[in-house]
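# Understanding the architecture of this molecule
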Amino acid sequence: MLWFLCANTHSTRLLTCWGETFFAYTRSIDRALELSRSEFLRTGCSARLETMLRSFQLRLCPTHRQRSVLTVLLAHLCGLYNDCLWQRRDAWKVARKHIHYFDQQAELTQLRRQDEESRSFPVAIQRDPLRRLERAFQGFFRRIRHRQQPGYPRFRSEQRYDSFEVDGGNFRLEGTTVVIVKLGGFRFKTRCRIRGTPKVLHVKRCGKHWRAVLVCDIGAAAEKVMVVRAVGLDLGLSALATLSDGTTIRNPRWTEQMEKQLGAANRALARKQRGSRNRAKAGERLRRVHQRIQGRRRSYLHQISAFLVSRYDLVAFEQLNIRGLARTRLAKSILDAAWRELTWQIIYKAEEAGKWAVGVNARGTTQMCSACGQKVAKQLHERQHQCPHCGLTLGRDHNAALNILRLGESLVGVSAKC
Ligand SMILES: [Zn+2]
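In this report, the structure presented in the accompanying data block is examined. None of the values given here were measured: they were computed from a predicted structure.

### A closer look at the overall build of the chain
A count of helical and extended segments in the chain gives 12 helices and 15 strands. With 418 residues in all, the chain has 32% of them scored as buried. Here the analysis covers contacts within the chain between residues at least 6 apart in sequence; of these, 70% occur between residues at least 24 apart.

### A closer look at the packing of helix H7 (residues 259-271) against helix H8 (residues 277-311)
Helix-helix packing is described using two parameters, namely the angle between the two axes and the distance between the axes. Running from N to C, H7 and H8 point in directions that differ by 160°, and their axes come no closer than 9 Å. By the criterion of interaxial angle, the relationship of H7 to H8 is roughly antiparallel. Here H7 runs over H8; the crossing is left-handed. Counting all contacts with H7, which are made through Gln261, Leu262, Ala265, Asn266, Ala268 and Leu269, the residues of H8 involved are Arg279, Ala282, Gly283, Arg285, Leu286 and Val289.

### Describing unusual backbone geometry
Within the chain, Arg147 stands out as a residue other than glycine whose phi angle is a positive 55°. Along the chain, Arg147 falls in the loop between helix H5 (123-145) and strand S3 (163-167). Within the chain, Arg253 stands out as a residue other than glycine whose phi angle is a positive 50°. Mapping Arg253 onto the fold places it in the loop between strand S11 (248-250) and helix H6 (254-257). Note on Arg253: 16 C-beta atoms within 10 Å, which makes it partly exposed.

### Focus on helix H11 (residues 339-353)
Taking 1.5 Å per residue as the helical rise, H11 with its 15 residues ought to reach 21 Å, and the 21 Å between its terminal C-alpha atoms agrees with that figure. Here H11 has its buried residues at Trp339, Leu342, Thr343, Gln345, Ile346, Ile347, Tyr348, Lys349, Ala350 and Glu351. One or two positions beyond H11, positive phi appears at Gly354, with a value near 75°.

### Some words on the sheet that holds strand S13 (residues 356-361)
Strands sit in the order S11-S10-S9-S12-S13 across an open sheet of five strands; the sheet is mixed. Among the strands making up the open sheet, the edge pair consists of S11 and S13. Averaged over neighbouring strand pairs, the angle between their axes works out to 25° when direction is ignored. Looking at chain direction, strand S12 (residues 314-319) and S13 are connected through six bridges and run parallel. Across the sheet, residue Phe317 finds its bridge partner in S13, namely Gly359. This element, H11, spans strand S9 (230-235), S12 and S13 of the sheet and lies at about 140° to S13.

### Topic: the nonpolar core
A general trend in soluble globular proteins is that nonpolar side chains are found buried together. Ranked by size, the top nonpolar core spans 34 residues in total, and within it Val231, Leu233, Leu314, Val315, Ala316, Ile346 and Ile404 carry the most contacts. Elements represented by at least two residues in this core include exactly S9, strand S10 (239-243), H8, S12, H11, S13 and helix H12 (396-412). For this core, the leading source of residues is H12, giving seven residues. Other than its neighbours up to four places away in sequence, Ile346 contacts Ser305, Leu308, Val309, Val315, Phe317 and Ala357. By size, the runner-up hydrophobic cluster in this structure holds 33 residues, among which are Met52, Leu77, Leu183 and Leu214.

### What about the environment of Gln126?
Looking at the secondary structure, you find Gln126 in helix H5. Once residues lying within four places of it in the same chain are set aside, the contact partners of Gln126 are Leu80, Leu108 and Phe121.

### Things to note about the pairing of S9
Counted residue by residue, S9 has six buried out of six residues, so it is predominantly covered. The alternating pattern of S9 places Ala230, Gly232 and Asp234 and Val231, Leu233 and Leu235 on opposite faces, both of which are buried. In terms of strand pairing, S9 meets S12 through four bridges, oriented parallel. Residue Leu233 lies in a different strand from S12, and its bridge partner there is Phe317. Two elements, S9 and S10, share three bridges in a ladder whose sense is antiparallel. The residue of S10 that forms the bridge with Leu233 is Leu243. In this antiparallel pair of consecutive strands, S9 and S10, the connection spans three residues.

### Observations concerning H12
If you check H12, its first and last C-alpha atoms are 25 Å apart, about what 17 residues at 1.5 Å a residue would give, namely 24 Å. Counting buried positions over the 17 residues of H12 gives 15, a clear majority of the element. Gly413 lies just past H12 and shows a positive phi near 85°.

### Describing the packing of helix H2 (residues 64-95) against H5
H5 packs onto H2 with a crossing angle of 40° between their chain directions and a minimal axis gap of 9 Å. One finds that H2 runs oblique with respect to H5. For H2 against H5, the interelement crossing comes out right-handed. On the side of H2, the interface is formed by Leu77, Leu80, Tyr81, Cys84 and Leu85, while H5 contributes Gln126, Asp128, Pro129, Leu130, Arg132 and Leu133. Here the contact of H2 with H5 is built from residues that sort into eight nonpolar, one polar and two charged.

### Focus on the environment of Ala268
The residue Ala268 is located in helix H7 in this model. A sequence separation of 18 residues divides Ala268 from Leu286, and the C-alpha atoms of the two residues are 8.8 Å apart. If we ignore the near neighbours within four places in the chain, the residues touching Ala268 are Ala282 and Arg285.

What counts and what doesn't
Residues numbered from 1 in each chain as written. Predicted model: local features only at pLDDT ≥ 70, side-chain atom pairs only at ≥ 80, totals over all residues. Helix = DSSP H or I, 4+ residues; strand = E, 2+ residues; numbered from the N terminus. Buried ≥ 20, exposed ≤ 12 C-beta atoms within 10 Å, placed from the backbone. Contact = placed C-beta atoms within 7 Å. Axes fitted to C-alpha atoms, helices over the stretch in contact; angles between N-to-C directions. Parallel < 35°, antiparallel > 145°, perpendicular 65-115°, else oblique. Left-handed = near helix turned anticlockwise from the far one by under 90°. Expected span 1.5 Å × (residues − 1). Pairing = 2+ DSSP bridges. Core = buried A, V, L, I, M, F, W, Y, C linked by C-beta atoms within 7 Å. Nonpolar A, V, L, I, M, F, W, Y, C, P; charged D, E, K, R; others polar.

See the structure below:
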């Protein structure tokens, strides 16, 4: 069975400080995400999925008492995380012994028997830092196996330990309240229409706000449609995307727009004394600037991806090595353009609508002539494609988009006129 994990909902106001890491993190879902990604990489296009997971963003409205309960809980979880890391590290240092998740889970049970304080927290949530640590170690060992640069799991500070996860059996939805085991009911607001069976809930502290991501199983993907209208997408910086019909999509460069506010907030933070209350306030202000940039970016990308998926049956785009590109001099602009976010949004929206989203290997698409297939070498600054063989004259990106469209169509095995 294939699973699919969707990154987001259309609710843009609530889309804020979530990175990619908010994805559902139980082991099965981790595996599912990996599967859907590897399937996507292998075939270049998303197969029809039998089960789709989709996440919905909620804004929690805890009471004062609940706020302090959550804060105390997070501190406790952070302590657990650090203790477990300590234990694993020392066991290896002293006795050359590996300690695993299940050992620590058994020990947690022991601890709960002896210690009244830890008994007051729900065990289902206490297991979350243990799982998290297990994943951290798995990642560490995987990097060693793959000869990448490993970083040993680190101790976490309470200020930065901001979230926990509750799995399906331990919470339930009742109207606009989410009831978590032992913690009680939390009112929430959302602009999403929640559907499907709730699987996992992530609760996260964002500065002084509390948010949650609800992951639901929304059943099988829609049957794939016949391809009538197809489009190729060339992602860039001067224009965020150029479509194969010649349309360009503007790149608003959000970070550049907000650079002034960002700089001011950063400088204000730097002037404040460490550990002071004013520093915390300045930090919150800086966080909000970043959040605003992110919100605007996401909102814009949602509009574009929704437009593309509703208008076309097949969207072909290039698969980019963003990690590689992000090490170059253009890193800031490239990360700001958020191509990966855009392609991810296109993929999941297409999947829900039964349309095709295809990532193609973009190698040579700029150089090749889209009319005759001959190679026309050009430098980065040449913005026009002029073919000496067939006389075709086009914008450079337009030509690339046409090539990407053709590759995408050949992957899916259709030929459509756009
Ligand atoms: Zn040509």
